[in-house]
Amino acid sequence: ERSPAVMPSLSFNGTTATCTASVYGDYTTDEIEVDVELWQGKTLVNSWSDEGTEYVDSVRKATVAKGKEYTLKVYATINGRDLPMAYITKTCK
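Scoring rules and cut-offs
- Residues numbered from 1 in each chain as written.
- Predicted model: local features only at pLDDT ≥ 70, side-chain atom pairs only at ≥ 80, totals over all residues.
- Heavy atoms only, no water.
- Helix = DSSP H or I, 4+ residues; strand = E, 2+ residues; numbered from the N terminus.
- Rg over C-alpha atoms; globule rule 2.2 N^0.38 Å.
- Buried < 20%, exposed > 50% of the residue type's maximum accessible area, 1.4 Å probe, protein only.
- Areas by Shrake-Rupley, 256 points an atom, 1.4 Å probe, with all protein chains shown as cover.
- Lys, Arg positive; Asp, Glu negative; His and termini not counted.
- Charge placed at Lys NZ, Arg CZ, Asp CG, Glu CD.
- Pairing = 2+ DSSP bridges.
- Axes fitted to C-alpha atoms, helices over the stretch in contact; angles between N-to-C directions.
- Contact = heavy atoms within 4.5 Å.
- Patch = residues over 30% accessible without salt bridge, like charges linked within 9 Å, V, L, I, M, F, W, Y side chains within 5 Å.
- Salt bridge = Lys/Arg side-chain N within 4 Å of Asp/Glu carboxyl O.

It is not clear to me how the overall build of the protein should be interpreted in this structure. Could you clarify?
Per the secondary structure count, the protein includes 0 helices and 8 strands. Relative to the globule expectation of 12 Å for 93 residues, the C-alpha radius of gyration of the protein, 14 Å, shows essentially globular dimensions. C-alpha atoms of the protein, sized along the principal axes, occupy 40 × 20 × 20 Å. Here the protein, with 93 residues, has 34% of them falling under the buried criterion. Summed over its atoms, the accessible surface of the protein is roughly 5500 Å², and 45% of this surface lies on carbon and sulfur atoms. Considering the protein, the positive charge centre built from 10 side chains and the negative charge centre built from 13 side chains are found 16 Å apart.

Would you mind showing me how to read the sheet that holds strand E2 (residues 16-24) here?
Note: strands within a sheet are paired through backbone hydrogen bonds, in either parallel or antiparallel orientation. The strand order across the open sheet built from 3 strands is E1-E2-E5, with neighbouring strands paired in antiparallel fashion. Two strands bound the open sheet, and with one partner strand each, they are strand E1 (5-13) and strand E5 (55-63). In this sheet, neighbouring strand axes are inclined to one another by 15° on average, regardless of whether the strands run parallel or antiparallel. As paired elements, E1 and E2 share 9 bridges and run antiparallel to each other. Residue Met7 lies in a different strand from E2, and its bridge partner there is Ser22.

Just to check I follow, could you spell out the side chain of Thr77 for this structure?
Along the chain, Thr77 turns up in strand E6 (residues 69-78). Judged by its relative accessible area of 17%, Thr77 is buried. Look past the residues within four positions of Thr77 in its chain and what remains in contact with it is Glu31, Ile32, Glu33 and Asp82.

Which parts of the structure should I look at to understand a negative patch on the surface?
Taken together, the side chains of Glu31, Glu33, Asp35 and Glu51 present a region of like negative charge at the surface. With 3 residues, the single largest contributor to the negative patch is strand E3 (residues 31-40). Structurally, Asp35 can be placed in strand E3. On the basis of relative accessible area, Asp35 is assigned to the partly exposed category, the value being 39%.

Structure below.
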C-alpha cells in the first residue's frame, strides 16, 4: 500500500514545454480524475483533464516563450476526494 501522490513535472526544449501530471492512488480500484493548468503569470496557457484507475500519467505539450516563468498546477481527486493541489514553477531558459 502506498499513499496517494500528486507529482507535477515541467520541462522545456526550446520553446516547447512538456507538462506531466502523475497521480497515484492507494489501490488498483481507485478512480482518479485530474485537472491540469499551465500558467504564465496570470495568463492560462493550456489546460486539460484526464482520468484513470489506480494511476494517471497525463502528458501534454505547449508552446512557451524563453525567459518567462511558468507554473504547472495539478488538481486531483481520488474516489471523489480532493487531494491537495500540487504545482511546479520553472523558467524557460
